Amino acid sequence: DGRRWAAVPVKDSLLIRLVDGEPSTEPFGSEVDYLAAPLSIGVGAAEAWRIEVVPDADFLSPRLETPDVLVLANVAAPTPEQADRIRRLVREGMGLIVFAGGRMDLGLYNDLLHGPADPLLPFAFKATSDQPFHGVVVEPVRPSPLERLLDLKASAFERVPVRWIATLDEATAPAEGAADAGEGSGSGTEPQAGAVRVLARWNDPERSIAVAERVVGEGRVQVWTTTADRAGNDWPVEPSFVMAIREAVRGAAR
């Protein structure tokens, strides 16, 4: 008869947990302060997003509610037990966003979250670079968590000073997602499980990856290769950063 019925569970709000890898008592001195500010802006239903800031000691305690999006900002490294639980939660639909930073043990992240058996990260971490440059380029990938940034003028991103990044090894994309790791304009369809995509690149001579994404089960994993604060770049004080972070979190939660 042409009719279909569906029952869809809808949450009253999304819990965004920011794990602070470098806390500070100074205003905007903590690793996650520049994330919490734009995410706390009330738009529409002010309580639609609940922002929770926790230290990196026990951010997945059974006493805590399971977040819809987990953000690790310059967290040295998860424990093996935390890595296993993160992997399970992402497969069940939790979004994971990793911001790089000087405290991170890149090798341990690779061992725990980019192992050959069940990788979460889109690419393995390669090294770090402190050669300064200006600019980030959003890739014309659609659909993408950052596609709304393509509506902004390129000059909004060209002037961003960058002082530190972690580089990713593009040769380490999982085989099932390798075909989706290029630039391209996208097919207009949602990426399938296993897909790996580069969402933005830095304007350095190597065109290093700025933001990459991998679809894992029902969840999404994003890696941002610079700091969430101003230690590695000045993007957090640019107006475009507000939209970038909100759209990134919205895309990860999706």
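Read on for an overview of the structure. (Residues numbered from 1 in each chain as written. Predicted model: local features only at pLDDT ≥ 70, side-chain atom pairs only at ≥ 80, totals over all residues. Heavy atoms only, no water.)

**Considerations on empty space enclosed by the protein**
Any empty space left between atoms is shown by rolling a water-sized probe over those atoms. As a reminder of what qualifies: In this analysis a 1.4 Å probe is tested at points of a 1 Å grid over the protein atoms alone, and where it fits but cannot get out there is a cavity; an open set with protein on both sides within 12 Å along at least five of seven lines is a pocket; lining residues have an atom within 4 Å of a point. Grid points are joined across faces, edges and corners, and a volume is the space filled by probe spheres set on the points. In this text, helices come from DSSP runs of H or I with a minimum length of four residues, and strands from runs of E with a minimum of two, each type numbered from the N-terminal end. When residues are sorted by character, Ala, Val, Leu, Ile, Met, Phe, Trp, Tyr, Cys and Pro go into the nonpolar class, Asp, Glu, Lys and Arg into the charged class, and all the rest, Gly among them, into the polar class.
Taken as a whole, this structure holds 1 cavity of 30 Å³ or more when the rule is applied. For the largest cavity, the calculated volume is near 40 Å³. Of all the elements in the fold, those that place two or more residues in the lining of the largest cavity are helix H1 (33-39), strand S4 (95-99) and helix H5 (239-253). Ranked by residue count, the leading element in the lining of the largest cavity is H5, at 3 residues. Looking at the lining of the largest cavity, its residues break down into 10 nonpolar, no polar and no charged.

**Observations concerning the layout of surface pockets**
The computed volume of the largest pocket comes to approximately 340 Å³. Here the lining of the largest pocket is built from residues that sort into 8 nonpolar, 5 polar and 6 charged.

**Topic: the nonpolar core**
As a reminder, the rule being used: We call a set of buried Ala, Val, Leu, Ile, Met, Phe, Trp, Tyr and Cys residues a nonpolar core when their side-chain atoms join them within 4.5 Å. The classification of residues rests on relative accessible area computed with a 1.4 Å probe and restricted to protein chains. Under 20% of the type maximum is buried, over 50% is exposed, and intermediate values are partly exposed. By the convention used here, residues are in contact when the closest approach between their heavy atoms is within 4.5 Å.
Counting 37 residues, the largest nonpolar core has Leu 35, Phe 99, Leu 146 and Trp 224 as the members making the most contacts within it. When residues of this core are assigned to their parent elements, the largest contribution, 6 residues, is made by H5. Not counting residues within four places of it along the chain, the set of residues in contact with Trp 224 comprises Ile 97, Val 98, Phe 99, Ala 100, Leu 146, Ala 210, Val 211, Trp 235, Ala 244, Ile 245 and Ala 248. Grouped together as the second largest cluster of nonpolar side chains are 35 residues, Leu 72, Met 94, Val 98 and Tyr 109 included.

**Notes on the pairing of strand S11 (residues 209-216)**
Here is the key point about a regular strand: its side chains alternate between the two faces of the sheet. Selection rule: At least two bridges found by DSSP between two strands is the condition for calling them paired.
Across the 8 residues that make up S11, a large majority, 8, are buried. Relative to S11, strand S10 (residues 196-202) is paired through 5 bridges, and the arrangement is antiparallel. Residue Val 196 lies in a different strand from S11, and its bridge partner there is Arg 214. Turn length for the S10-S11 hairpin, with the two strands adjacent in sequence and antiparallel, is 6 residues, and the turn residue Arg 207 shows positive phi of about 50°. Here S11 runs beside strand S12 (residues 219-224); their pairing, made up of 6 bridges, is antiparallel. In the sheet register, Ala 212 faces S12, and the bridge partner there is Val 223. As consecutive antiparallel partners, S11 and S12 are separated by 2 residues, and within that stretch Gly 217 has a phi angle of approximately 60°, a positive value.

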